[in-house]
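Listed below, chain by chain, are the residues.
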Amino acid sequence: MVADPPALRRADWELPTAATVALRRPEQAAEQLAALAAAAEPGARLGTKEELRVHCGVSVGTFNEALRLVQARGVVDVRPGRTGGLFATRQSPLVRLGNSVLALDKDAASVADAVRLRDALDPLLVEDALRHAAPSDVTAMRAELDRMRTAAADLDGIAFIHANWALHARIADVSPNAMLRSFYLSLLEIIESHTLSVQPFGDEPLPEYIQSRYDLHAALVDAIDARDEPRAIALIHEHNMTAHTS
């Protein structure tokens, strides 16, 4: 018997009510804006904020939240001034990772959802690893760290991020909670399958970014190996505050 894949969206498992529909209105408006951007040429003007708010049929507050969502996904640019407004982006959609970004294919919205859920589950899986990791599990984690170190030496950002996700998968494999483990690994697959490249964000050069992420993950594995719960929990929270998918 083959198990059905876990439901990854609220709509897959929750019956809609007036309250949940209202809660989802910013997301619905964000999808409308994303669809307009996808149908337009890169750099094309989509309209003013007010024109697009009316098009979406939402309040100013709801529209501003929807605008924040699509800006975070990298599907629109907002430009000020008389000729400003919302414009379709000229680049692939991006998801920010703290000091880096992932260049994604067209399904950036699903990736953003998966990243948010993955971050929420990370502390639970680290707690399980602290309690249940065997020496062989730690050895497997360190093998992925070796891959990360090699990619860092080669300045290969995409190889580094894939080795990084493999490390997170190794940590998840330790959990005795089959549902949690399966759900988390499914989220990793969604993120990985839509990633095109990894780049530094802002002024930090790629080598420094990669080294800082390697050092954090090496310290996390050391803390799991030492059963140092306060240190491990502090590190995974630092991880999720400073990067969203690595």
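Worth saying up front: this structure is predicted, and the values here are computed from it rather than measured. (Residues numbered from 1 in each chain as written. Predicted model: local features only at pLDDT ≥ 70, side-chain atom pairs only at ≥ 80, totals over all residues. Heavy atoms only, no water.)

Below, the discussion takes up the nonpolar core. Core analysis: the largest hydrophobic core is formed by 28 residues, its most contacted members being Met-141 and Leu-220. When residues of this core are traced back to their parent elements, those giving at least two are helix H6 (108–132), helix H7 (135–153), helix H8 (157–173), helix H10 (206–225) and helix H11 (229–242). With 9 residues, H10 is the single largest residue contributor to this core. Those residues in contact with Leu-220 that lie beyond four places of it in its chain are Val-126, Ile-171, Ala-232, Leu-235 and Ile-236. Counting 18 residues, the second largest nonpolar core, distinct from the first, contains Leu-33, Ala-34, Val-70 and Val-75. (Core = buried A, V, L, I, M, F, W, Y, C linked by side-chain atoms within 4.5 Å. Buried < 20%, exposed > 50% of the residue type's maximum accessible area, 1.4 Å probe, protein only. Helix = DSSP H or I, 4+ residues; strand = E, 2+ residues; numbered from the N terminus. Contact = heavy atoms within 4.5 Å.)

Inspection of the sheet shows strand S2 (residues 76–79) paired to strand S3 (residues 85–88) by 4 bridges, in the antiparallel sense. Each residue of the ladder has a partner; that of Val-78, found in S3, is Leu-86. (Pairing = 2+ DSSP bridges.)

As a further point, take the pattern of salt bridges. Counted according to the given criterion, the structure contains 10 salt bridges. Across the pair Arg-142 and Asp-225 runs a salt bridge, and its minimum N-O distance is 3.3 Å. You can see Arg-142 sitting in helix H7 and its partner Asp-225 sitting in helix H10, a full 83 residues away along the chain. For Asp-225, a relative accessible area of 39% puts it in the partly exposed group. (Salt bridge = Lys/Arg side-chain N within 4 Å of Asp/Glu carboxyl O.)

Quick look at the pairing of S3 now. Here strand S1 (residues 45–47) pairs with S3 via 2 bridges, running antiparallel. What sits directly across from Arg-45, in S3, is Phe-87. Taking the residues that link successive antiparallel strands as the turn, the S2-S3 hairpin has 5 residues, and the phi of Gly-81 there is positive, at about 100 degrees.

Turning our attention to the sheet that holds S2. The strand order across the open sheet formed by 3 strands is S1-S3-S2, and the pairing between neighbours is antiparallel. A strand with exactly one partner marks an edge of an open sheet, and here the two such strands are S1 and S2. Sheet twist, expressed as the average angle between the axes of neighbouring strands with direction ignored, equals 35 degrees. Each of S1, S2 and S3 is contacted by helix H4 (residues 49–56), which is oriented at about 65 degrees to S1, the strand it contacts most. (Axes fitted to C-alpha atoms, helices over the stretch in contact; angles between N-to-C directions.)

A few words now on the packing of helix H3 (residues 25–39) against H4. The geometry of H3 relative to H4 is characterised by a closest axis approach of 10 Å and an angle of 115 degrees between their N-to-C directions. Of the two possible hands of crossing, H3 and H4 adopt the one that is right-handed. Only Leu-52, His-55 and Cys-56 of H4 make contact with H3, whose side of the interface consists of Ala-29, Gln-32, Leu-33 and Leu-36. Its residues placed into classes, the contact of H3 with H4 shows 5 nonpolar, 2 polar and no charged. (Left-handed = near helix turned anticlockwise from the far one by under 90°. Nonpolar A, V, L, I, M, F, W, Y, C, P; charged D, E, K, R; others polar.)

The next point concerns the packing of H8 against helix H9 (residues 178–193). Helix-helix packing is characterised by the crossing angle of the two axes and by the distance between the axes. Their axes nearest at 10 Å, the elements H8 and H9 cross at an angle of 170 degrees. For the element pair H8 / H9, the angle class is roughly antiparallel. From H8, His-162, Trp-165, His-168, Ala-169, Ala-172 and Asp-173 reach across to H9, where they touch Arg-181, Tyr-184, Leu-185, Leu-188, Ile-191 and Glu-192. Broken down by class, the residue content of the contact of H8 with H9 amounts to 7 nonpolar, 2 polar and 3 charged. (Parallel < 35°, antiparallel > 145°, perpendicular 65-115°, else oblique.)

On to the environment of Leu-167. Mapped onto the secondary structure, Leu-167 falls in helix H8. In the structure, Leu-167 is positioned 24 residues away from Ala-143 in sequence and 8.4 Å away in space, judged by C-alpha atoms. Other than its neighbours up to four places away in sequence, Leu-167 contacts Met-141, Glu-144, Leu-145, Met-148, His-217 and Val-221.

Turning to the environment of Val-221, a few remarks are in order. Structurally, Val-221 is set in helix H10. In this structure Val-221 comes out as buried when scored by relative accessible area, which is 0%. With sequence-adjacent residues up to four places away left out, Val-221 is seen in contact with Val-138, Met-141, Arg-142, Leu-145 and Leu-167.

A word on H3. With 15 residues, H3 ought to run about 21 Å at 1.5 Å a step, and its terminal C-alpha atoms sit 21 Å apart, in line with that. Inspection of H3 places Pro-26, Ala-29, Ala-30, Leu-33, Ala-34 and Ala-37 among the buried residues, and these make up the whole buried set. Projected onto a plane normal to the axis of H3, the buried residues spread over an arc of 140 degrees and lie on a single side. Exposed positions of H3 whose direction lies more than 90 degrees from the buried face are Ala-38 and Ala-39. (Expected span 1.5 Å × (residues − 1). Arc of directions from axis to C-beta.)

Here we come to the environment of Gln-32. Inspection of the secondary structure assignment puts Gln-32 in helix H3. Residue Gln-32 is classed as partly exposed on the basis of its relative accessible area of 30%. Along the backbone, Gln-32 and Leu-52 are 20 residues apart, and their C-alpha atoms lie at a distance of 9.4 Å. For Gln-32, the residues in contact, after removing those within four places along its chain, are His-55 and Cys-56.

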